[in-house]
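The lines below spell out each chain.
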Amino acid sequence: AALSRREDVDIKGGWKTGQPVPYAALTKTFALIEATTKRLEKTALLTSFLYLVIQRSTEGDSKSLLQAVYLCINRLSPDYIGVELGIGESLLIKAIGESTGRSIAVIKAELKKEGDLGLVAMNSKNSQKTLFPPKPLTLSFVFANLREIALTSGHSSQAKKVSIITKLLAACQDFEAKYIVRSLEGKLRIGNAERSVVVALAHAAVLAEKDKAGKKWSKEKLTARLEEGANTIKSVYSELPSYDEVIPALLKFGIQDLHAQCKLTPGVPLKPMLAKPTKAIGEVLDRFENKPFTCEYKYDGERAQVHRLADGTVGVFSRNSEDMSKKYPDLVEQLPNCIKESTTSFVLDAEAVAIDRTTGKLMPFQELSRRKRKDVKVEDIQVRVCLFAFDLLYLNGEPLLKKSLLERRELLREHFQVVPGEFDFAKSSDSETVDEIQTFLEQSVKDGCEGLMVKMLDTDASFYEPSRRSINWLKLKKDYLAGVGDSLDLVVVGGYYGKGKRTNVYGAFLLACYDGDSEEFQTICKIGTGFSEEVLQSHYDVLKPLELTKVRGDIKVGGAKPDVWFEPQIVWEVLTADLSLSPVYTAAQGLVEERGISLRFPRFVRIRDDKGADDATGPEQVAEMYENQALAQSKSKKKTGGD
Ligand code: ATP
């Protein structure tokens, strides 16, 4: 069944082995994927396409598959290199106008009606009469041009971009214009998350290997191999998140040997391990009962994954794998001071925290966020940072992910040294009673931290789990204990104009959570109180360029009626004291009840620029928070005898 759609996704007459992949085959696949809501069918379509790409590539050509996969997830490079699309609407409208001869006003009017510039581009192209069909586009040609557009910067770059896009559009047929424009916008909107692409890639590779070897497998064996293949690629990719490395190795060595070939490598940031929230110390003890665990300070700064290659090159990466070396040149400069002689290459997991160098006091995240994000010069730095290392993932040529935390921590302390105000080990306590944990928690808050991280210390349950929100790491924040609950990370999708003095800015905002399975944003609340004039102005400056002419198709609106819609890009951390069922908002609809869930009295905490829109809180978490709250309320009613 995984390959049942080969004929559908192929183009008329197919393409011969060794010939470049036609872009039309990819866009045909996209169109079929977009037309179905069935997940299995989407995966079968993509598997069939990637299988054809593998089958028809010559031995040693991994570029075709690599570029096909990148275009399926709409990226052009690994995250940490950050070659990004996301071309503004007005530039695209200009290019569509230039290549089709339609006026800007007509294109804008149609965009207002359709709400999808890709569709408008396709319609514009198809209504154009051409005498000769253009030369077919190849996937590698489109890929190279998209990269050129993304990398063009500096003087007259806008004009250069418009010119490349215009030429690309001139060569488009059928569905091509629709998907080129959507790729350029930075969102394909075919309802195919990266997870499904990885599964399809694995299935295609397993099936191609099977055919090549001329093997016959029973249905059971095939199913097992497909599942195993998908798990292998997922796990390898979370350790080495670079298709540039993984795909050539996959084709060269095969899926079964992939793990041995692709391991954590300094210079390529791995997806960090994350923690689950807990509400009470009792919950921690329930989870870790009779197992060794450790409590560490949960520092209130920014996650920093620090890499050092054997040649001495240093890289600092964010939670999102962005290269932060330009933001933290001071960390890069300080680093040699804390390394002992025996240490050559390593990957540290750490938190960069603002510190007052004269008193040695830690300062809150707000202080750290005052630092510039780019092109920082060491001599201009006002807010100093100290690096608190809590894990060591790689040392002197060897990945440590499959060692216990106890061993990793020992190696960390053995190979690094404390430099006051610059580098320290995360403060930890291996105490086990409620009283001891309570005391340590209070101490952490007094010392300027958010609370504690409680971690499994020994056995394989304490291995480092890249990209997982694991129950082997629990976070215990002081806020949870005060009954405030965890904060949510929500995407700003709409704005409401202000009143009175605030008419020139947005006075309130529509927020949404993100469902990674359906790839849709679900509205959750309107937030409009507690902002100062200054903060509203800065939100306006950030959000104004993201205004859209019409709501995007992947926003499940419900009854919300903001004055303007935004490209969903900006993530805010928000606290709430209360969640309730709502007939207006769509968050978590159908999970607890038919109705959605909304936040009452939401409070803005901070911008999370280390998170992308697809890292926002998901509907399951919202439903879980609602249910926990209902549970807590019924418990307290029982205690007070209320009904
Ligand atoms: P949060 O809003 O809590 O930071 P998050 O989704 O970014 O949420 P979590 O897994 O919930 O990440 O919390 C872990 C974060 O806490 C890490 O990403 C890291 O930045 C920070 N942190 C601070 N101290 C530690 C520590 N000792 N161990 C692990 N993480 C720590």
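In this report, we go over the structure that sits alongside the text. (Residues numbered from 1 in each chain as written. Predicted model: local features only at pLDDT ≥ 70, side-chain atom pairs only at ≥ 80, totals over all residues. Heavy atoms only, no water.)

**Comments concerning the overall build of the protein chain**
- A tally of regular secondary structure across the protein chain gives 22 helices and 22 strands.
- A principal-axis box enclosing the C-alpha atoms of the protein chain has dimensions of 80 × 65 × 60 Å.
- When each of the 643 residues of the protein chain is scored for burial, the buried share is 53%.
- Contacts in the protein chain between residues far apart in sequence, at least 24 positions, make up 72% of those at least 6 positions apart.
- Summing over all exposed atoms, the protein chain offers an accessible surface of approximately 29600 Å²; the carbon and sulfur share of this is 51%.
- Once the 91 positive and 90 negative side-chain charges of the protein chain are each reduced to a mean point, those two points are 5 Å apart. (Helix = DSSP H or I, 4+ residues; strand = E, 2+ residues; numbered from the N terminus. Buried < 20%, exposed > 50% of the residue type's maximum accessible area, 1.4 Å probe, protein only. Contact = heavy atoms within 4.5 Å. Areas by Shrake-Rupley, 256 points an atom, 1.4 Å probe, with all protein chains shown as cover. Lys, Arg positive; Asp, Glu negative; His and termini not counted. Charge placed at Lys NZ, Arg CZ, Asp CG, Glu CD.)

**Re the pairing of strand β14 (residues 506-515)**
- Most of β14 is tucked away, with 10 of its 10 residues classed as buried.
- Note: strand β13 (residues 488-497) against β14, 6 bridges, orientation antiparallel. Bridging across to β14, Tyr 496 finds its partner in Ala 508.
- Counting the residues between successive antiparallel strands, the hairpin from β14 to strand β15 (residues 520-527) contains 4 residues, one of them, Glu 519, with a positive phi of roughly 55 degrees. (Pairing = 2+ DSSP bridges.)

**Some thoughts on empty space enclosed by the protein**
- Inspection of the entire model under this criterion finds 3 cavities of 30 Å³ or more.
- Reported here for the largest cavity is a volume of approximately 80 Å³.
- What lines the largest cavity is simply Glu 89, Leu 111, Gly 115, Asp 116, Leu 117, Glu 185, Arg 189, Leu 548, Thr 549, Lys 550, Arg 552 and Glu 567.
- Split into classes, the residues belonging to the lining of the largest cavity amount to 3 nonpolar, 2 polar and 7 charged. (1 Å grid on protein atoms, 1.4 Å probe; cavity = no way out; pocket = protein on both sides within 12 Å on 5 of 7 lines; lining within 4 Å. Points joined across faces, edges and corners; volume = space filled by probe spheres on them. Nonpolar A, V, L, I, M, F, W, Y, C, P; charged D, E, K, R; others polar.)

**Describing the site of the ligand**
- Close contacts around the ligand come from 18 residues, with Ala 275, Arg 319, Glu 351, Lys 455 and Lys 475 the closest.
- Between the ligand and the protein, one listed contact pairs an oxygen atom with a side-chain N or O atom of Lys 298 at 3.0 Å.
- The contact in question runs from an oxygen atom of the ligand to an N or O atom on the side chain of Arg 303, over 3.0 Å.
- Notes on the ligand: free accessible area 600 Å², of which the protein chains cover 95%.
- In terms of residue count, the dominant contributor to the shell around the ligand is strand β12 (residues 469-477) (4 residues).
- Class assignment for the residues of the shell around the ligand results in 7 nonpolar, no polar and 11 charged. (Near = heavy atom within 4 Å. Polar contact = N/O pair within 3.5 Å; in protein donor to acceptor, adjacent residues only side chain to side chain.)

**A look at the packing of aromatic side chains**
- Within the structure shown, the criterion is met by 24 aromatic pairs.
- Where Tyr 70 meets Phe 143, the ring centres are 6.1 Å apart and the plane angle is 25 degrees; that geometry is what we call stacked. With Tyr 70 in helix α4 (residues 63-72) and Phe 143 in helix α8 (residues 139-151), the pair connects residues that are 73 residues apart, well separated along the chain.
- Note on Tyr 70: relative accessible area 1%, which makes it buried.
- Chaining the aromatic ring pairs together yields one cluster made of Tyr 497, Tyr 506, Phe 509, Phe 531, Tyr 540, Phe 566, Trp 572 and Phe 604.
- Between the NZ or CZ atom of Lys 455 and the centre of the ring of Trp 473, over which it lies, the distance is 4.0 Å. (Phe/Tyr/Trp six-rings, centres within 6.5 Å; stacked < 30°, edge-to-face > 60°. Lys NZ or Arg CZ within 6 Å of the ring centre and 35° of its normal.)

**Concerning helix α5 (residues 89-100)**
- Counted at 1.5 Å a residue, the expected span for α5 with its 12 residues is 16 Å, and the 16 Å between its end C-alpha atoms agrees.
- Within the span of α5, buried status applies to Leu 91, Leu 92, Ile 93, Ala 95, Ile 96, Gly 97, Ser 99 and Thr 100.
- Looking at the packing, one finds that the buried side of α5 touches α6 (104-114), α7 (117-126), α9 (157-170) and α10 (176-185).
- In the segment just after α5, Gly 101 is the residue with positive phi, at about 80 degrees. (Expected span 1.5 Å × (residues − 1).)

**Section: the pairing of strand β2 (residues 293-298)**
- Among the 6 residues in β2, 6 count as buried, and that is most of the element.
- Pairing geometry for β2 and strand β11 (residues 451-456), over 6 bridges, is antiparallel. Residue pairing across strands places Cys 295 opposite Val 454, the latter belonging to β11.
- Strand direction decides the pairing type here: β2 and strand β10 (residues 428-429), joined by 2 bridges, are antiparallel. Among the inter-strand pairings, Glu 296 is bridged to a residue of β10, identified as Ser 428.

**Looking at the pattern of salt bridges**
- Under the defined criterion, the tally for this structure stands at 38 salt bridges.
- For the salt bridge of Glu 34 with Arg 182, the shortest nitrogen-to-oxygen distance reads 3.1 Å. Residue Glu 34 is located in helix α2 (residues 23-35), and its partner Arg 182 is located in helix α10; the two are separated by 148 residues in the primary sequence.
- Overlapping salt bridges bring together Glu 34, Asp 116, Lys 178, Arg 182, Glu 185 and Arg 189 as one network. (Salt bridge = Lys/Arg side-chain N within 4 Å of Asp/Glu carboxyl O.)

**Comments concerning the layout of surface pockets**
- As a volume, the second largest pocket reaches approximately 460 Å³.
- Taken together, 18 residues form the lining of the second largest pocket, with Ile 54, Glu 59, Lys 212, Leu 251 and Lys 252 sitting closest to its centre.
- Counting only elements with at least two residues in the lining of the second largest pocket, the list comes to α3 (39-55), α11 (194-212) and α13 (243-253).
- By residue number, the principal contributor to the lining of the second largest pocket is α13, which donates 5 residues.
- When grouped by side-chain class, the residues that make up the lining of the second largest pocket number 7 nonpolar, 6 polar and 5 charged.

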